[in-house]
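Read off the chains here:
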2 protein chains.
Amino acid sequence: MTTPSRPRLSGTVRVVGTGLLGASIGLALSGRGIDVVLHDASPGQQALAVDYGAGRAAAAGDAPALIIVCVPPDVVAETVAAELAAHPDAVVTDVASVKLEPVEELRRRGVDIVRYIGSHPLAGRERGGAISARADLFRARPWVICRDEETPGWALALVEDLALDLGAVPIEMTPEEHDRSVALVSHLPQIVASALASRLVDAPDTALALAGNGLRDTTRIAASSPELWVQILSSNAAPVVAELDALIAELGTVADALRDVGAAGARRTVAEEIASGNAGVARLPGKHGQDRRFEQLVVLVDDRPGQLGRLLSDMGEINVNMEDLRLEHSPGAQLGLAEISVLPEALPRAVEDLAARGWQIASV
Amino acid sequence: MTTPSRPRLSGTVRVVGTGLLGASIGLALSGRGIDVVLHDASPGQQALAVDYGAGRAAAAGDAPALIIVCVPPDVVAETVAAELAAHPDAVVTDVASVKLEPVEELRRRGVDIVRYIGSHPLAGRERGGAISARADLFRARPWVICRDEETPGWALALVEDLALDLGAVPIEMTPEEHDRSVALVSHLPQIVASALASRLVDAPDTALALAGNGLRDTTRIAASSPELWVQILSSNAAPVVAELDALIAELGTVADALRDVGAAGARRTVAEEIASGNAGVARLPGKHGQDRRFEQLVVLVDDRPGQLGRLLSDMGEINVNMEDLRLEHSPGAQLGLAEISVLPEALPRAVEDLAARGWQIASV
């Protein structure tokens, strides 16, 4: 890994709320030598983040230039208001995934929001908490920044520097534009994945035994937290309902065509829906799922204690470091598939040396 | 890996249709020393499969004991009928993804189907054609076999041997049970992914720029072929419509709750839908990170090659089997986290023995 350039931010950065996002921000900024102070309403959560290396515990006398509010959606506005009041010289931003409601709530409270700039890093993981924090969580991810006409340029620059120091890509949008966009690309997929997964609750085991990667991928985000998502969806209800109604109408068209599949044009309707999906998915930037910084190789391992250990010992002996590893365990099968992520330059040697040691590479 | 055992199949196997599935079957069986003859209506497609090593070109005088029909859904029945007639001593199976319609069509044609056993390997790739063939395509995947009461045991055994020689897991089902199952776990996800992706066709670029892995995963299979899927969905219309109607109703409930999110019980309805999705996705076998049948322990490992290998070697020596493993590698942190899933009864010993060997358990 190349050594990162000097950080753009200087002075003290205060992170309020040390869950996944707050701890990941602290981990990344601390790693770049920035003074990060952490505060969480839960002392245990805060202590965990400090132990994990995300920063030092907040103390009286801290004079942060920038404050990042990383708390649950329903307490963002009140927390931002409190931080603005407690730190009269600081710029305050938040990372909530809905942007119009917090600013409207602050206006309702009569808060002067000149020093508040809402933002939203499009990054996350299925599991939350500081224990899941990653310094590279925001790398190459979009970071939406919502300024308004009153926002001074120097304040905007601070939030842009934060995004850039975290390796993210700053994108300016209005709160309304942001909320409509995430309703489509984030909130609608969440509801669809959850509804699809909920159809599995009462399904027979024999049906689930036939599940493949298609179902796994379409339902993966259904594992997300109900507490968090009820807040997100409720805060962005109108744009989400508009997207949901349009999707329901489209699904209804397909259902009606299949209901009378012998009718003229029925098959064409179904084919056009699949073709339209081809066109839509083709518009998505980037490669599916996988982290583009790494290459994956899949190695077959016997489902016996120690087998995977021997594989990874071999990885160590051939001196190839793993960036990530997943074990796919198929029910009833005598084999597991180990998907190993390595740096692209290490892939050819890893494949060659592992094959030389008798491992079967399922795919590269 | 241990070298594969002797194949169960003997004699000549005939593969009709040398696309992805046919060519992959040919590659795997040929690789195990079985005599495979290939036939495809397209001479070019057949020659490609032969060049690819999937078998030899079919010739007069071939006397196959088993015939595998790997043609598009709409020509399965007529192809099976032709193969049964041309090879009076052979057992004929197919790999079509719908199982009731072909057998009904054969009955309508008055074909004696004692020697026909429908089957369906749950395996595939986004890209088709012999050029995408892989000998390991079926390894550890379910292979549904649909017998009826007339099916002789020796004929059933041939198809089971085929699945086992390909490394697949044979599962017996009735055609009705199979079609209902795939309507839920395969056909419904396809329609949902296609409809969701089609919402992106007219979306602004600024919205698509915010797309993350959630949207990528939920829409990945929307890249599937319209020609193939209109056939599959049309052949399984009734079970698919039933699943689709149920999903639409569920999405409508969420939309109505969000339409009047201030109303009593509205947020609860939304939260319960997300929670129900949690429960559904947790039922997926081998679903990474979601399997509630297992307990997780998190072990701290230095971010150095070989460390994880030593940990897993220790897991083997203390004779604890891993059901799943996930490595959390954070470039910003000095340590990685290995999340290991084990059977609940094995957890206490795993924790105790690993601690005794000097490993730090981060959380249980």
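Nothing here was measured: the structure is a model prediction, and the numbers come from that model.

All right, on to the side chain of Gln190(B) then. Within the secondary structure layout, Gln190(B) lies in helix H6 (residues 175-198). In contact with Gln190(B), not counting residues within four places along its chain, are Ile274(A), Ile221(B), Ala222(B), Ser224(B) and Trp229(B).

Right, let's get into helix H5 (residues 153-165) of chain B. All names here are of chain B. Helix length check: H5 (13 residues) gives 18 Å between terminal C-alpha atoms against 18 Å at 1.5 Å per residue, within 8%. When H5 is considered as a whole, its buried residues turn out to be Ala155, Leu156, Leu158, Val159, Asp161, Leu162, Ala163 and Asp165. Where H5 is buried, its residues contact helix H1 (20-31), strand E4 (64-69), strand E5 (91-94), strand E6 (116-121), strand E7 (142-146) and strand E8 (169-172). Looking one or two places after H5, you find Gly167, whose phi comes out positive at around 80 degrees.

Turning our eyes to something else, we now look at the environment of Met173(A). Within the secondary structure, Met173(A) sits in the loop between strand E8 (169-172) and helix H6 (175-198). We classify Met173(A) as buried; its relative accessible area is 5%. Each C-alpha atom of the pair Met173(A) and Pro88(A) lies 26 Å from the other, and the pair is 85 residues apart in sequence. Contact partners of Met173(A), with chain neighbours within four places excluded, come to Val144(A), Ile145(A), Cys146(A), Arg147(A), His178(A), Ser181(A), Thr206(B) and Leu210(B).

With that out of the way, let us pick up the sheet that holds strand E1 (residues 12-16) of chain B. Each strand in a sheet pairs with another by means of backbone hydrogen bonds, the pair being arranged parallel or else antiparallel. Residue and element names in this part refer to chain B. The eight strands are arranged E3-E2-E1-E4-E5-E6-E7-E8 in an open sheet whose pairing can be described as mixed. The open sheet is flanked by strand E3 (56-57) and E8, the only strands paired with a single partner. Note that E7 and E8 share four bridges and pair parallel. By the bridge assignment, Pro142 is partnered in E8 with Val169. Here H5 sits on the sheet and contacts E4, E5, E6, E7 and E8; the angle it forms with E5, its principal contact strand, is near 50 degrees.

What follows is about the domain arrangement of chain A. The assigned domain composition of chain A is domain 1 (12-173), domain 2 (181-282) and domain 3 (289-363). In this structure, domain 1 of chain A and domain 3 of chain A have C-alpha centres spaced 37 Å apart.

Here the focus is the pattern of salt bridges. All names here are of chain B. Enumeration over the complete set of coordinates arrives at 40 salt bridges over all chains. Residue Asp161 pairs with Arg8 through a salt bridge whose shortest N-O separation is 3.3 Å. You can see Asp161 sitting in helix H5 and its partner Arg8 sitting in the segment before E1, a full 153 residues away along the chain. With a relative accessible area of 52%, Arg8 lands in the exposed category.

Now for the sheet that holds strand E4 (residues 66-69) of chain A. Residue and element names in this part refer to chain A. Taken in spatial order, the eight strands make up an open sheet running E3-E2-E1-E4-E5-E6-E7-E8, and their pairing is mixed. Each edge of the sheet is formed by a strand with only one pairing partner; in this case those strands are strand E3 (56-57) and E8. Direction of pairing for strand E2 (residues 35-39) relative to E3: parallel, over a ladder of two bridges. Bridging from a neighbouring strand, Leu38 pairs with Ala57 of E3. Taken strand by strand, helix H2 (residues 43-51) contacts E2 and E3, and its axis lies near 155 degrees from that of E2.

Our next topic: the pairing of E4(A). Residues and elements named next belong to chain A. Here E4 shows no split at all, with Leu66 and Ile68 on one side and Ile67 and Val69 on the other all buried. Pairing geometry for strand E1 (residues 12-16) and E4, over four bridges, is parallel. Across the sheet, residue Val15 finds its bridge partner in E4, namely Ile68. In terms of strand pairing, E4 meets strand E5 (residues 91-94) through four bridges, oriented parallel. Bridge assignment links Leu66 to a residue of E5, and that residue is Val91. For the handedness criterion, the β-α-β arrangement of E4, helix H3 (residues 76-86) and E5 is classed as right-handed.

The next subject is a nonpolar patch on the surface. Residues and elements named next belong to chain B. Residues Leu48, Tyr52 and Ile131 make up a contiguous nonpolar surface patch of about 260 Å² in total accessible area. You can see Leu48 is positioned in helix H2 (residues 43-51). By relative accessible area, which is 31% here, Leu48 ends up partly exposed.

Moving on, we come to the packing of H6(B) against helix H10 (residues 237-259) of chain B. Residues and elements named next belong to chain B. Look at H6 against H10: their axes get within 9 Å of each other, and the N-to-C directions meet at 55 degrees. By the angle between their axes, H6 is oblique relative to H10. Here H6 runs over H10; the crossing is right-handed. Seen from H6, the contacting residues are Asp179, Arg180, Ala183, Leu184, His187, Leu188, Ile191 and Val192; seen from H10, they are Pro239, Val240, Glu243, Leu244 and Leu247.

Here the focus is the interface of chain B and chain A. Contacts between chain B and chain A engage 125 residues on the former and 135 residues on the latter. Summed over both partners, the interface of chain B with chain A buries about 11,400 Å², with 64% contributed by carbon and sulfur atoms. On the surface where chain B and chain A come into contact, there are eight salt bridges. Here Glu250(A) makes a salt bridge to Arg199(B), at a shortest N to O gap of 3.0 Å. In this structure, the connection of chain B to chain A is made through 23 residue pairs in polar contact (both at pLDDT 80 or more). Counting residues per element, the side of chain B that touches chain A draws most heavily on H6(B), which supplies 17 residues.

The next thing to look at is the confidence of the model for chain A. Mean pLDDT over chain A stands at 89; residues scoring 70 or higher make up 92%. Interface predicted TM-score (ipTM) for the complex: 0.77; the corresponding pTM is 0.77.

Right, let's talk about the packing of aromatic side chains for a bit. Residues and elements named next belong to chain A. Counted under the stated rule, the structure contains two aromatic pairs over all chains. Consider the rings of Phe138 and Trp143, whose centres lie 5.4 Å apart with planes at 55 degrees: the pair is tilted. Looking at Phe138, the relative accessible area reads 1%, which means it is buried. In this structure Trp143 comes out as buried when scored by relative accessible area, which is 0%.

Phi at Asn319(A) takes a positive value of approximately 60 degrees, unusual for a residue other than glycine. Within the chain, Ala140(B) stands out as a residue other than glycine whose phi angle is a positive 65 degrees. Relative to the elements of secondary structure, Ala140(B) occurs in the loop between E6 and E7. Given a relative accessible area of 7%, Ala140(B) falls into the buried group.

Parameters at a glance
Residues numbered from 1 in each chain as written. Chains lettered and ligands numbered in written order. Predicted model: local features only at pLDDT ≥ 70, side-chain atom pairs only at ≥ 80, totals over all residues. Heavy atoms only, no water. Helix = DSSP H or I, 4+ residues; strand = E, 2+ residues; numbered from the N terminus. Contact = heavy atoms within 4.5 Å. Expected span 1.5 Å × (residues − 1). Buried < 20%, exposed > 50% of the residue type's maximum accessible area, 1.4 Å probe, protein only. Pairing = 2+ DSSP bridges. Axes fitted to C-alpha atoms, helices over the stretch in contact; angles between N-to-C directions. Domains from an automatic or database assignment. Salt bridge = Lys/Arg side-chain N within 4 Å of Asp/Glu carboxyl O. Right-handed = clockwise from strand over helix to strand, strands pointing away. Patch = residues over 30% accessible without salt bridge, like charges linked within 9 Å, V, L, I, M, F, W, Y side chains within 5 Å. Areas by Shrake-Rupley, 256 points an atom, 1.4 Å probe, with all protein chains shown as cover. Parallel < 35°, antiparallel > 145°, perpendicular 65-115°, else oblique. Left-handed = near helix turned anticlockwise from the far one by under 90°. Buried area = accessible area lost by both parts, 1.4 Å probe. Polar contact = N/O pair within 3.5 Å; in protein donor to acceptor, adjacent residues only side chain to side chain. pLDDT = per-residue confidence, 0-100. Phe/Tyr/Trp six-rings, centres within 6.5 Å; stacked < 30°, edge-to-face > 60°.

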